[in-house]
Amino acid sequence: MKQIFALLFFILFFNPILLVGQKSPCWDIYYSAEKDTIKDAKGNYNYKKALEKINAIYLCLESFKNKDADSIRKKTNLLNIKIYNNINDAKILANRATNEVEKSLVREKKAKEQAIIEKNNAQALYWTSQAEKIIPIQSMRLLEKAYKKTKDVSTINNIRDESKIIFQKSNTHQWRKKKMFENISEIKFSPDSKWLLVIRKNHHYEVWNTSMQNHYDLYYKNDNDKIGGVDFSCDSKWLIISSLFGKRKKVLQVDDGKISSFLNSENNIYDLSFSSNGKWLISIDTNYRAKVWQLDTLRSHGFLSKNEKIEKASFSKNDKWLLTLDKEHHAKVWEVNTGRLHYSLKDENNILNATLSPDGKWLVTLDEEKKLKIWDVSKRALKFHKNNMYTWDVSFSSDSNLIIVVDTTKNVEVWDINKDTVLEFLKNDKNIIEAKFSPDYNWLITRDSTFNTKIRNIDNGQVPNLLKNENNIRDAFFSPDCSWLITIYDSTASSKAWSFRSGVLYDVLKDDQPIFGVGFSNDSKWVKTNKLFSTSKVWQIKEGIFLDLFKNENNIFNPKFSPNSKWLITTEDEEQGIQTLWEITSDEITNISKSHKEIKTSSLSSDGKWIIIENFDDSINILATTTWQVPYFLRDIKNIKKASFDYNSQWLVIQKQYEEYVEVWDLKNERPAEFLIGKERYTNISFSSDGKWFIGSKFLGNTDILQVDSGEKLDCIKDKNIFRASFSPDSKFLAILTGIISDITIWQVEQQKDRTPSFLKGINNYVSVSFSADNKWIVTREKLIGNFLKIRDINNGESPKFIENEDNIAIDFFSPDGKWFVSSNDIFRQNTKIRNIENGIPPFFMKNENGILQLEFSKNAQFLVIRQNGSHQVKTYDTFAGKLIQTLWLNKVPTDIDIINNRYLYVTVGKAIVKTDLQTQQGNLMSYGDGEPLDYKFEEIQEWIKAFGDKYLLPLDEEIKKKYGVD
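Please read these numbers as outputs of a predicted model, since none were measured by experiment.

This next bit is on the overall build of the chain. Counting its regular elements, the chain contains eight helices and 67 strands. Taking 967 residues into account, the globule formula puts the C-alpha radius of gyration at 30 Å, and the chain, at 47 Å, lies well above it. Dimensions along the principal axes, computed over C-alpha positions, put the chain at roughly 165 × 115 × 50 Å. The proportion of buried residues among the 967 residues of the chain is 50%. A separation threshold of at least 6 residues defines the contact pool for the chain, and within that pool the share at least 24 residues apart is 39%. A total of about 49500 Å² of accessible surface is found on the chain, and carbon and sulfur atoms cover 47% of it. In the chain, the 137 positive side-chain charges and the 129 negative ones have mean positions that sit 6 Å from each other.

Our next topic: the packing of aromatic side chains. Aromatic ring pairs are described here by two measures, namely the spacing of the ring centres and the angle between the planes. Taken as a whole and judged by the stated rule, the model has 32 aromatic pairs. Members of the aromatic cluster, joined through ring pairs, are Phe 167, Trp 175, Trp 889, Tyr 936, Trp 944, Phe 948 and Tyr 952. It is Lys 859 that lies over the ring of Tyr 647; its NZ or CZ is 4.0 Å from the centre. Lys 915 extends its terminal NZ or CZ atom over the ring of Tyr 904, reaching a point 4.5 Å from the ring centre.

A rise of 1.5 Å per residue sets the reference length of helix 3 (residues 47-63), with its 17 residues, at 24 Å; its end C-alpha atoms lie 25 Å apart and thus fit the reference within 8%. Taken residue by residue, helix 3 has Tyr 47, Ala 50, Lys 53, Ile 54, Ala 56, Ile 57, Cys 60, Leu 61 and Ser 63 as its buried positions. With its buried residues spanning 165 degrees around the axis, helix 3 presents them on a single face. Among the exposed residues of helix 3, those pointing more than 90 degrees away from its buried face are Lys 48 and Glu 62.

A few words on the state of the cysteines. Under the defined criterion, the tally for this structure stands at one disulfide. Here Cys 26 connects covalently by a disulfide to Cys 60, the sulfurs 1.8 Å from one another. In this structure, the disulfide formed by Cys 26 and Cys 60 twists by about -100 degrees around the S-S bond and is classed as left-handed. Here Cys 26, found in helix 2 (residues 26-36), pairs with Cys 60, found in helix 3; they are 34 residues apart in sequence, far enough to count as distant. For Cys 26, a relative accessible area of 0% puts it in the buried group. For Cys 60, a relative accessible area of 0% corresponds to the buried category.

The strand order 9-10-11-12 describes an open sheet built from four strands, whose pairing is antiparallel. Unpaired on one side and paired on the other, strand 9 (269-274) and strand 12 (299-300) mark the two borders of the sheet. The pairing of strand 11 (residues 290-294) with strand 12 spans two bridges and is antiparallel. Residue pairing across strands places Gln 294 opposite Arg 299, the latter belonging to strand 12.

The sheet built from four strands is open, its strands ordered 43-44-45-46 with antiparallel pairing. Each edge of the open sheet is held by one strand with a lone partner, namely strand 43 (640-645) and strand 46 (671-672). Two strands pair when backbone bridges link them, and strand 45 (residues 662-666) and strand 46 are joined in this way by two bridges, in the antiparallel orientation. Each bridged residue has a counterpart across the sheet, and for Asp 666 the counterpart in strand 46 is Arg 671.

The nonpolar side chains of a soluble globular protein tend to be buried, and buried together. If you look at the biggest cluster of nonpolar residues, it comprises 29 residues, and the most contacted ones within it are Met 140, Phe 167, Trp 175, Met 926, Tyr 936, Trp 944 and Leu 953. Looking at this core, the elements that each hand over two or more residues are helix 4 (68-130), helix 5 (136-149), helix 6 (153-168), helix 7 (938-952) and helix 8 (958-964). By size, the runner-up hydrophobic cluster in this structure holds 16 residues, among which are Ala 33, Ile 54, Ile 57 and Leu 79.

One pass over the full model with this rule turns up 34 salt bridges. The closest approach of N and O atoms between Arg 141 and Glu 144, which form a salt bridge, is 2.8 Å. Of this pair, Arg 141 and Glu 144 are both found in helix 5, three residues apart, which corresponds to roughly one turn of the helix. Residue class for Arg 141 comes out buried when judged on its relative accessible area of 16%. A salt bridge links Glu 434 to Arg 447; the nearest nitrogen and oxygen atoms lie 2.7 Å apart. One end of the pair, Glu 434, is in strand 25 (residues 432-437); the other, Arg 447, is in strand 26 (residues 443-448), with 13 residues separating them in the sequence. Via salt bridges that share partners, Glu 434, Lys 436, Arg 447 and Asp 475 belong to a single interconnected network.

Packed helices, taken two at a time, are described by the angle their axes make and the gap between the axes. At their nearest, the axes of helix 2 and helix 4 sit 11 Å apart, and the two run at 15 degrees to each other. One element, helix 2, and the other, helix 4, form an angle in the roughly parallel class. Considering the relative orientation of helix 2 and helix 4, their crossing is left-handed. Between helix 2 and helix 4, the contacting residues are Cys 26, Trp 27, Tyr 30, Ala 33 and Glu 34 on the first element and Asp 68, Ser 71, Ile 72, Lys 75, Thr 76 and Leu 79 on the second. Class assignment for the residues of the contact of helix 2 with helix 4 results in six nonpolar, two polar and three charged.

So, on to the environment of Phe 546. With respect to the helices and strands, Phe 546 occurs in strand 35 (residues 545-548). Residue classification places Phe 546 among the buried positions, given a relative accessible area of 8%. With 40 residues separating them in the primary sequence, Phe 546 and Tyr 506 have C-alpha atoms 9.1 Å apart. With residues up to four places along the chain from it excluded, the contact list for Phe 546 reads Trp 484, Ala 497, Val 508, Leu 509, Val 527, Trp 539, Gln 540 and Ile 541.

Every other side chain in a regular strand lies on the same face of the sheet, so the side chains alternate between the two faces. Buried residues dominate strand 49 (residues 703-707), accounting for four of its five residues. Of the strand pairs in this sheet, strand 48 (residues 693-697) and strand 49 are connected by five bridges, and their pairing is antiparallel. Across the sheet, Gly 696 pairs through a bridge with Asp 704, a residue of strand 49.

Overall, the predicted model of the chain reaches an average pLDDT of 85, with 92% of residues at or above 70. Taken element by element, the predicted model of the chain shows its lowest mean pLDDT in helix 1 (residues 2-14) (49) and its highest in strand 62 (residues 873-878) (97). Every residue in residues 9-21 is under pLDDT 50, and counting partners more than four places away or in other chains gives 15 contacts.

A separate point is the side chain of Glu 266. For Glu 266, the position within the fold is in the loop between strand 8 (249-253) and strand 9. Within the local environment of Glu 266, its side chain forms a polar contact with the side chain of Ser 265, the two groups lying 3.5 Å apart. In this structure the side chain of Glu 266 is engaged in a polar contact, spanning 2.8 Å, whose partner is the side chain of Lys 291. Once you skip the residues sitting within four places of it in the chain, Glu 266 turns out to touch Lys 291 and Trp 293.

Okay, unusual backbone geometry next. If you check the backbone angles, Ser 565 has positive phi at about 65 degrees while not being a glycine. Mapped onto the elements of the fold, Ser 565 is located in the loop between strand 36 (557-561) and strand 37 (567-573). Classification of Ser 565 as buried rests on a relative accessible area of 2%. Even without glycine at this site, Tyr 658 takes up a positive phi of about 65 degrees. Following the sequence through the fold, Tyr 658 ends up in the loop between strand 44 (651-656) and strand 45.

Parameters at a glance
- Residues numbered from 1 in each chain as written.
- Predicted model: local features only at pLDDT ≥ 70, side-chain atom pairs only at ≥ 80, totals over all residues.
- Heavy atoms only, no water.
- Helix = DSSP H or I, 4+ residues; strand = E, 2+ residues; numbered from the N terminus.
- Rg over C-alpha atoms; globule rule 2.2 N^0.38 Å.
- Buried < 20%, exposed > 50% of the residue type's maximum accessible area, 1.4 Å probe, protein only.
- Contact = heavy atoms within 4.5 Å.
- Areas by Shrake-Rupley, 256 points an atom, 1.4 Å probe, with all protein chains shown as cover.
- Lys, Arg positive; Asp, Glu negative; His and termini not counted.
- Charge placed at Lys NZ, Arg CZ, Asp CG, Glu CD.
- Phe/Tyr/Trp six-rings, centres within 6.5 Å; stacked < 30°, edge-to-face > 60°.
- Lys NZ or Arg CZ within 6 Å of the ring centre and 35° of its normal.
- Expected span 1.5 Å × (residues − 1).
- Arc of directions from axis to C-beta.
- Disulfide = S-S within 2.5 Å.
- Pairing = 2+ DSSP bridges.
- Core = buried A, V, L, I, M, F, W, Y, C linked by side-chain atoms within 4.5 Å.
- Salt bridge = Lys/Arg side-chain N within 4 Å of Asp/Glu carboxyl O.
- Axes fitted to C-alpha atoms, helices over the stretch in contact; angles between N-to-C directions.
- Parallel < 35°, antiparallel > 145°, perpendicular 65-115°, else oblique.
- Left-handed = near helix turned anticlockwise from the far one by under 90°.
- Nonpolar A, V, L, I, M, F, W, Y, C, P; charged D, E, K, R; others polar.
- pLDDT = per-residue confidence, 0-100.
- Polar contact = N/O pair within 3.5 Å; in protein donor to acceptor, adjacent residues only side chain to side chain.

Shown next as C-alpha cells:
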C-alpha cells in the first residue's frame, strides 16, 4: 500500500510522460485492489482497502491518459460495482443473521416464559391437589396462592372447584380446626388454657402456645436422662419436670422454657408441689428434707427443720395451711404465711394418709388399722372417728360439712360431720357403690350395686320433680352451672337432656344412642357424648338448642375441653397418634330454632314468645319460643293452612286445611277467644292496632267490625253492607268499602263521624283502601292489577308525581314513620323499590342496592333490613344515621327476615332461624344457619375471604411454606 501511495505522489507532483508501449502503473493498483476482493487466509474480505485503491486508480488515470486508460477505467468501474454489490449482499446476510439471532432470542425468551408458566401451572395444580391434606383455615390460603400463580384456564377451574369443595364444607367446624398433631401420645392444657403440653410417642415433650405462633422442646440440659412426666402449676406460670429414671425434678418458667436457677443447689428432688394460688412451692428430696419456697422472691421460707424427715406434703385449697406427713407417719399442720406449727398429731401413729377440707376446717386421717378420723383444725381436737374404712378416696361438699367415704365392704357413706352421722335420707339405702355431689353441692347423686342411680336434695332427700316418674337411671351428669342434667338409662343406654331449672325435657339426644359417658365444658356451653367403640360427639348448647359440632364426622374420639372452654382436643387416629386442636368459642350468632324441614317463612309475635313457621312442604307449626315445642293448648290442632298474630301478640288466628272458617286463640290466657263465643263464624279476622276492634269477613263476603270486649258493632255502620274494611295504624280512623259499587267511607272511630275527604266521594269500584303510618296518605286500589293504585294526601287529595307513571304495582306499603314508600311491580317482589314519599328519591345510602326481594322496617323505622335475589347476605341499614350497620352472611340464601322489639333481627335460612342484636352486633357477621353445607359461588367465596379472611383463616405457617415451596 505504501508503494501505491508513493507512486501516486510521484505521478501527481512530477506528472511523468509514458513512452510508447510502456505499461500504465494504474494496472498495478487495479490488480492490488482486485486481490483485496478475494478472501484472505483468515476468510475475510478487505473491501475497505479495495475502495481506497479504486480511488487511487481514478487519480492515476487522470495522469496517464494512454490507450490502457479506458480499459482500466472499465475494469475499475466493474470492480467498484462488484465491491458494492458484495457489501450489500454481506449487509443483507448480516441483517438476516441478526434477525435470526433476534428471533432465536425471542424464541428462547418465550421458551423461558413458557417454562415458567408451565412450572407455575404445575405448582398451582400441585398446591391445589394438596389443599385438602392440610387444615382448612390454611388450605384456603394455599388455594389463594395457587389462584395467583397460574393463568391456565383448566388449572384455574380446578382451583375454583377445590375452593368450593373446601369452603362449602365449613358449615360445622372447618374454621375451628387450628392445628393437627401427629405421633401424639397425649396433649394436656395448662390451667389457664394458654399453653399445651404435647407428648409424642417417642417421649419427646413440647410446649405450645394455643395461638400456635411459637413452641419449644423440653429436655434435661447436659443430661442423658429422659423426661418421665410434666405438670403445670395451678397459675400456669411454672412447669415441673420429672425424670423417667431416678427421682429427679426440675422447675422451669412456662413462658420462655428456661429452667429456674433457684433450685440449683437442691439435689435429688423427688417431689414438688405448688399451692393453688401459685405463691408457694414445697420440695422434698430423697433424704426427706423439705423446703418451702416463696415464688415471688424465689427464696426458701425456712420454717421446716432438717429433722422433720417429711415424706408427703400438700397445701390446703385455701392456701392457708401446709399439711405434712413424716417418715414416722406423724401428721402436722403448719400456717403457711408465718411458718408456725399450728397442730401436731404427735400421739397418732401409723397414719397412712391425711387431707384437709377445702376450707381448711377439718383434717381427715386414715391409719394402718383402717381407722378414719376427722379433726377440728381450729380447736386442735378430734371430732369423731370411724372404723373399717377401706379407701382414701374422700370428697367434701362446698361448705366442707359433708364428706363422702368408702368402708371396707366398698360401700359408700355420706356423713354430716357436724352431726357425726350418716345423712338421714341415706340410712335405708343399701350397697351404695358410688356417690358424688352436684357442682352446686345442692344435690347428691348415688348409685347402688344394681347400678340404680338416684338424685336427691342434700337438705331434704327429695327427688327433683322432673325425675319423679323416671326409672332405671344408670347414670346422671350435671353441667357445671347445674342448668342441664343428662340422664342415661339402664340396658338401652338411652339418654335424655333436661333443663334442670325449668324441668323441660329436650329430645336432642334421641338420635345419639346409646351413650356411655357425658362431659361438659366448664362454661356449660358444650357437652360431649361418648359411645362404646364409636365416634364421640360434641354439642354446642345455645338457648336450649343442641348443635352438633362434628356433624358427619366419623373419626372423633376422646374429646377434652380446655379449662376456659375455648379449646378442644380430639383424637382422630389413636394408632397414628393424630390429635387435633379446635377453637370452640361460641358463635356470635344465636341459632334460635332448628327444624327437621326446610323453612319457607317465619313470623314472630311482637313479644317474641310465639312463632309461626311455614315449611316448604306447606305444613305450618306454631311453637312457644321458650321450649320450641307446640304449646299444650294447641297440641290437638292439626293441618293448619294459615296462621297470624295480631299487632299486640294477644290473639292468634288459625285457618285449617279444607275449612272455610278461622279460629281465634287467646295467647295470654291460652284458650279460645271468648269474644267469639255465640258469634257468627268468619273466614278471616284482623285486629286494630290498639286491640279494641276486630274485622271479621263472612263466607258470602260481608264484613263485621266489632268491639273485642263487648262484641258490639259501631253504631254508625250497623246498617252498612261492608265489603272490606281497614283501620288506620293508630286505630283512630276506619275505612270501609260498601255496596255493590264499592265506594269508600272514612269514619273517625271515637266520635263516629264521617271524615271522608271530598276527593274520594263519587268514585266507586274500589277494591282496597289503607293508610300510611302517619295518617298523612291514603292508598286506594281500583283493580287488583294494573295501574289503578293511587296515593293521595289525605288533606288535599294531591298525589306524589313520581307514582303517576308507575304501572302494575302489585305490592305497596309505607315505613312506620310514613317517610318511605315501598313498592314492587310483581307479586314475587323481584324488584322492590323504596323511595321518599315526598320526592320519589331512593335513600342515598341504598343507591347501589339492586334485586331487592324483601324489605322490612323496625316498628320505630330506625332499622331497615333487606334480602336480595340469590344473595347469601342480609343487610341492615340505620335510616336515622343513613348508613349500613350490619351485613349478615349465611350458609344458604335466606327466605325470610323480620325485626322484633326495634332491636333483634330474625332471619329464616334453611332449617333454622337465626337472631342478631342490631345494637351490639354490627359490621360483617357470619352464621352457619341450620348447619348444613354452604352453596356459595366462587366469586362469593372471594368476597367472603375479603370480609372474614383475617378472622377465620390463618396465614400459611413456615412449615407449610417450606413443605410446598411457597414464597
